Amino acid sequence: MSSTPITKETYLEWYKSMLLMRKFEEKAGQLYGQQKIRGFCHLYIGQEAVVAGTMSVINPEDSMITAYRDHAHALAKGISADACMAELFGKATGCSKGKGGSMHFFSKEHKFMGGHGIVGGQIPLGAGIAFAEKYLGTNNVNICYMGDGAVRQGAFNETLNMAMLWKLPVVFVCENNGYAMGTSVQRTTNMQDIYKMGLGFDMPSAPVDGMDVVAVHNAMDEAVQRARAGEGPTFLEIRTYRYKGHSMSDPAKYRTKDELEEYKGRDPLINVKHAILENKYADEAWFKEIEEGVKKEVEQSVKFAEESEYPDASEIYKDVYVQEDYPFIMD
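If you check an unreviewed UniProt entry, the protein chain appears there as Pyruvate dehydrogenase E1 component subunit alpha from Sphingobacterium corticibacter. Of the comments in the UniProt record for the protein chain, the one headed Cofactor (unreviewed entry) reads "thiamine diphosphate". Turning to the protein chain, the UniProt annotation filed under Catalytic activity (unreviewed entry) states: "N(6)-[(R)-lipoyl]-L-lysyl-[protein] + pyruvate + H(+) = N(6)-[(R)-S(8)-acetyldihydrolipoyl]-L-lysyl-[protein] + CO2".

Q: Honestly, the overall build of the protein chain in this entry has me stumped. Any pointers?
A: Within the protein chain, the secondary structure is distributed over 10 helices and seven strands. For 331 residues, the compact-globule estimate of 2.2 N^0.38 gives 20 Å, and the protein chain sits close to it at 20 Å. Dimensions of the protein chain along its principal axes, counting C-alpha atoms only, are 55 × 50 × 40 Å. For the protein chain, with 331 residues in total, the buried portion stands at 50%. When the accessible surface of the protein chain is split by element, carbon and sulfur atoms take 52% of a total near 15,900 Å². Seen as two clouds, the 36 positive and the 46 negative side-chain charges of the protein chain have centres 3 Å apart.

Q: Would you take a moment to explain the packing of aromatic side chains for this structure?
A: To describe a pair of aromatic rings, you give the distance between the ring centres and the angle between the ring planes. For the structure on display, the rule yields 11 aromatic pairs. Taking the centre distance of 4.9 Å and the plane angle of 85° together, the rings of tyrosine 15 and phenylalanine 287 count as edge-to-face. Of this pair, tyrosine 15 sits in helix H1 (residues 8–33) while phenylalanine 287 sits in helix H10 (residues 284–307), placing them 272 residues apart in sequence. The two residues tyrosine 15 and phenylalanine 287 agree in class, both being buried. Relative to phenylalanine 287, the ring of tryptophan 286 has its centre 5.1 Å away and its plane inclined at 80°; by these criteria the two rings are edge-to-face.

Q: I keep staring at helix H5 (residues 122–136) and nothing clicks. Help me out?
A: Three or four residues apart is the spacing at which side chains of an α-helix point the same way, because the helix has 3.6 residues per turn. With 15 residues, H5 should reach 21 Å at 1.5 Å per residue; the first-to-last C-alpha distance of 21 Å fits that figure. Buried residues of H5: Gln122, Ile123, Gly126, Ala127, Ile129, Ala130 and Glu133, and no others. Each buried residue of H5 sits inside an arc of 155° when the element is viewed along its axis, so together they form one side. Set apart from the buried face of H5 by more than 90 degrees, the exposed residues are Tyr135 and Leu136.

Q: Would you explain the sheet that holds strand S1 (residues 63–65) in this entry?
A: Backbone hydrogen bonds hold the strands of a sheet together, and the pairing may be parallel or antiparallel. Read from one edge of the open sheet, five strands run S1-S2-S3-S7-S6, paired in parallel fashion. The two strands at the open ends of the sheet, each matched to only one other strand, are S1 and strand S6 (205–209). Averaged over all pairs of adjacent strands, the angle between their axes in this sheet comes to 20°, without regard to strand direction. When S1 meets strand S2 (residues 142–147), the two strands line up parallel, connected through three bridges. Paired with serine 63 across the two strands is asparagine 142, which belongs to S2.

Q: Sorry if this is basic, but what is going on with the packing of helix H4 (residues 81–88) against H10 here?
A: Think of two packed helices as two axes; the pair is described by the angle between the axes and how far apart they sit. Across the interface, H4 lies against H10 with an axial gap of 8 Å and an inter-helix angle of 50°. It follows that H4 is oblique to H10 by the angle criterion. Relative to H10, H4 is oriented so that their crossing is right-handed. Contact residues: Ala81, Asp82, Met85 and Ala86 in H4; Glu297, Gln300, Ser301, Val302, Phe304 and Ala305 in H10. Partitioning the contact of H4 with H10 into residue classes produces six nonpolar, two polar and two charged.

Q: When you look at the pattern of salt bridges in this model, what are you seeing that I'm missing?
A: When the charged atoms of two side chains lie near each other, side chains of opposite charge can form a pair. Applying the stated criterion across every chain yields a total of 19 salt bridges. Note that arginine 266 is salt-bridged to aspartate 209, the shortest N-O span being 2.9 Å. With arginine 266 in the loop between helix H8 (257–264) and helix H9 (268–278) and aspartate 209 in strand S6, the pair connects residues that are 57 residues apart, well separated along the chain. Glutamate 307 is paired through a salt bridge with lysine 303; the nearest N and O atoms lie 3.0 Å apart. With glutamate 307 and lysine 303 both in helix H10 and four residues apart, this pair spans about one turn of that helix. Judged by relative accessible area, glutamate 307 falls into the exposed class, the value being 54%. Each member of the salt-bridge network shares a partner with another, and the members are Lys97, Lys99, Glu315, Lys318 and Asp319.

So, how was this worked out
- Residues numbered from 1 in each chain as written.
- Predicted model: local features only at pLDDT ≥ 70, side-chain atom pairs only at ≥ 80, totals over all residues.
- Heavy atoms only, no water.
- UniProt positions renumbered as here; feature names shortened; annotations may be inferred.
- Helix = DSSP H or I, 4+ residues; strand = E, 2+ residues; numbered from the N terminus.
- Rg over C-alpha atoms; globule rule 2.2 N^0.38 Å.
- Buried < 20%, exposed > 50% of the residue type's maximum accessible area, 1.4 Å probe, protein only.
- Areas by Shrake-Rupley, 256 points an atom, 1.4 Å probe, with all protein chains shown as cover.
- Lys, Arg positive; Asp, Glu negative; His and termini not counted.
- Charge placed at Lys NZ, Arg CZ, Asp CG, Glu CD.
- Phe/Tyr/Trp six-rings, centres within 6.5 Å; stacked < 30°, edge-to-face > 60°.
- Expected span 1.5 Å × (residues − 1).
- Arc of directions from axis to C-beta.
- Pairing = 2+ DSSP bridges.
- Axes fitted to C-alpha atoms, helices over the stretch in contact; angles between N-to-C directions.
- Parallel < 35°, antiparallel > 145°, perpendicular 65-115°, else oblique.
- Left-handed = near helix turned anticlockwise from the far one by under 90°.
- Contact = heavy atoms within 4.5 Å.
- Nonpolar A, V, L, I, M, F, W, Y, C, P; charged D, E, K, R; others polar.
- Salt bridge = Lys/Arg side-chain N within 4 Å of Asp/Glu carboxyl O.

Shown next, in the form of structure tokens:
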């Protein structure tokens, strides 16, 4: 069970943060349709409880790394909606200076170590960050997210083996939304309980209801406290669902409308709102105020992005290598 109490403030923060994630992603989808956002764009709508339940148990100095569905993670870690939206627009004021786009949000300041476009590429990087924290003697933990498709990469098994051997302070989280792009888990494996893959390394592993933010909070807290105590990594399969397609180009015809509506009936935002009202933590006036505030924050981020400048052409050679005068990037 969780050692981090769930209070009135926890519930109110969950609702505010998940609402921002939801409204930001809905706006991003609209802007993509208007061709103001180009390239790839993977929305997080439906999966908000996975990140919200993590944020209520970690510290600001704990790092986070994930794959290309990274907008909500970045917002949760404190990157402003302005910087996130500007990055989607490819503007110089974006969190990656307009050079990363949707899949490559990053902020050293906020310990958000990036969205990564290569499937499973972030898994060994997460362990590497945790290795650095242990080597430096900090009390920090890395949260390393991946999708259900990424666990089929060889690097996943190699990383879990080394992380367990070295007792690294990392929590591996498989956000199992049921589909690797358009391919269901049932079509990719005979063993559909993904969390059991961690048991082969004697790693503490468990399934978690990813539509229930309380369940995520409790499981993540136990895993984070284990890592801080020097007891090594945990592998959690957090079972969630995305309401939209894999990306904006995916019509999601591989699933039924009944399946989608079933999961929408378990919407984490609605459930948290019901809990807040049931416990009399807030009234409808509070919800209206929060919703208006989030709407303004998202609208302001769009205005900020549209008014920002694109990166100068001279920026193309910057931020590629740590060595600023690296001699082999230009003729």
